[in-house]
Amino acid sequence: MQAQEDSDLCKMVEVIDKKDWLGIKKAMYARFYVMQMEKAEKEKKPMTYTFDNLRSWRRSSAFKQIEKTIWKEYEEKFTMTGLMIVMSGTMVLFFLRALLAGIYLINFSVDAIVGVIGLVILVTNLQVKYRMIHSCTKSRDFLYMDVSSFLLSFLLKLMLPPNLDFTLVVLLVAYFVEKNKFSKILYSIPNEGR
């Protein structure tokens, strides 16, 4: 019995993976199938969700619950990575400004350590963010927004006097614009490619 269920699970994962869907939609269907399989096994009932009725799954209330859960997970993850990108990006820009001006907060070594730690946190969070975005859309708008906001922040940091700083404002505005756009994309996914 267990071997049959494992075989069915593998076949269903292959069927879902071959669909021309975005990664998040595939994840929704795969998670739904696994949950329904566990439920059927627990209740000792036959599995009612099969390859043939794959398209009708999304009409069930259990599937809608999975959608909400995944949407919430993605929004929380986007929020956390976005805020970490803003904070660590600001640290990196402050270090670059200090490096170019030759004026350090404490000394070069301490500022460099803080700058490198900020850079590592920034790169790690950017990877997580873009992996998540890639599973939701093929658009490169988020990349263009990040590059332009960091470039604008850096230029403002160089051009304006040190006591007048708009780095954080520019990065926060970019974050909120991206968050709004990501939410719109996220909630439109289940309706695409029915």
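Worth saying up front: this structure is predicted, and the values here are computed from it rather than measured. (Residues numbered from 1 in each chain as written. Predicted model: local features only at pLDDT ≥ 70, side-chain atom pairs only at ≥ 80, totals over all residues. Heavy atoms only, no water.)

> For this particular structure, what's the right way to read the packing of helix H4 (residues 108–136) against helix H6 (residues 167–188)?
Two quantities define a packed helix pair, namely the angle between the helix axes and the distance between the axes. Two elements in contact, H4 and H6, have axes separated by 10 Å at closest approach and are oriented at 35°. Crossing handedness for the pair H4 and H6: left-handed. On the side of H4, the interface is formed by Lys 129, Met 132, Ile 133 and Cys 136, while H6 contributes Glu 178, Phe 182, Ile 185 and Leu 186. Here the residues of the contact of H4 with H6 are counted per class, giving six nonpolar, no polar and two charged. (Axes fitted to C-alpha atoms, helices over the stretch in contact; angles between N-to-C directions. Helix = DSSP H or I, 4+ residues; strand = E, 2+ residues; numbered from the N terminus. Left-handed = near helix turned anticlockwise from the far one by under 90°. Contact = heavy atoms within 4.5 Å. Nonpolar A, V, L, I, M, F, W, Y, C, P; charged D, E, K, R; others polar.)

> Any chance you could explain helix H3 (residues 61–101) here in plain terms?
Residues spaced three or four apart along an α-helix face the same direction, because each turn holds 3.6 residues. The end-to-end C-alpha distance of H3 is 59 Å, a good match for the 60 Å that 41 residues give at a rise of 1.5 Å each. Of the residues trailing H3, Gly 102 is marked for its positive phi of about 75°. (Expected span 1.5 Å × (residues − 1).)

> Would you explain the side chain of Thr 90 in this entry?
Its location among the elements puts Thr 90 in helix H3. Within the structure, the side chain of Thr 90 is placed 2.6 Å from the backbone oxygen of Val 86, a separation counted as a polar contact. (Polar contact = N/O pair within 3.5 Å; in protein donor to acceptor, adjacent residues only side chain to side chain.)

> What am I meant to see in the nonpolar core here?
Proteins that are soluble and globular tend to have nonpolar side chains buried together. Judged by nonpolar contacts, the single largest core of 25 residues is most densely connected at Ile 24, Trp 57, Tyr 74, Cys 136, Phe 182 and Leu 186. Elements with a minimum of two residues in this core: helix H1 (2–18), helix H2 (23–43), H3, H4 and H6. Ile 85, Val 86, Val 92 and Phe 150 belong to the second-largest nonpolar core, a separate cluster that totals eight residues. (Core = buried A, V, L, I, M, F, W, Y, C linked by side-chain atoms within 4.5 Å. Buried < 20%, exposed > 50% of the residue type's maximum accessible area, 1.4 Å probe, protein only.)

> I tried to follow the packing of aromatic side chains on my own but got confused; where do I start?
Geometry of an aromatic ring pair is reported as the spacing of the ring centres plus the angle between the planes. Taken as a whole and judged by the stated rule, the model has seven aromatic pairs. Geometrically, the ring pair formed by Trp 71 and Tyr 187 is edge-to-face, given 4.6 Å between the ring centres and 70° between the ring planes. A residue pair is termed long-range when its members are at least 10 positions apart, and Trp 71 in helix H3 and Tyr 187 in helix H6 qualify at 116 residues. Given a relative accessible area of 14%, Trp 71 falls into the buried group. (Phe/Tyr/Trp six-rings, centres within 6.5 Å; stacked < 30°, edge-to-face > 60°.)

> Just checking my understanding: could you explain the packing of H3 against helix H5 (residues 141–159) for this structure?
The interhelical angle for the contact between H3 and H5, taken along N-to-C directions, is 35°, at an axis separation of 10 Å. Between H3 and H5 lies a crossing whose hand is right-handed. Contacts from Phe 78, Ile 85, Gly 89, Leu 93, Phe 94, Leu 96, Arg 97 and Leu 100 in H3 reach Phe 142, Phe 150, Ser 153, Phe 154, Lys 157 and Leu 158 in H5. Tallied by class, the residues present in the contact of H3 with H5 amount to ten nonpolar, two polar and two charged.

> Honestly, the pattern of salt bridges in this entry has me stumped. Any pointers?
If you walk through the whole model with that rule in mind, you get six salt bridges. The closest approach of N and O atoms between Lys 72 and Glu 76, which form a salt bridge, is 3.9 Å. Residue Lys 72 and its partner Glu 76 are located together in helix H3, separated by four residues, close to a single helical turn. Judged by relative accessible area, which is 44%, Glu 76 ranks as partly exposed. Salt-bridge contacts for Lys 157 lead to Asp 165; the nearest nitrogen and oxygen are separated by 3.4 Å. Here the salt bridges share partners, and the residues they tie into one network are Lys 129, Asp 146 and Glu 178. (Salt bridge = Lys/Arg side-chain N within 4 Å of Asp/Glu carboxyl O.)

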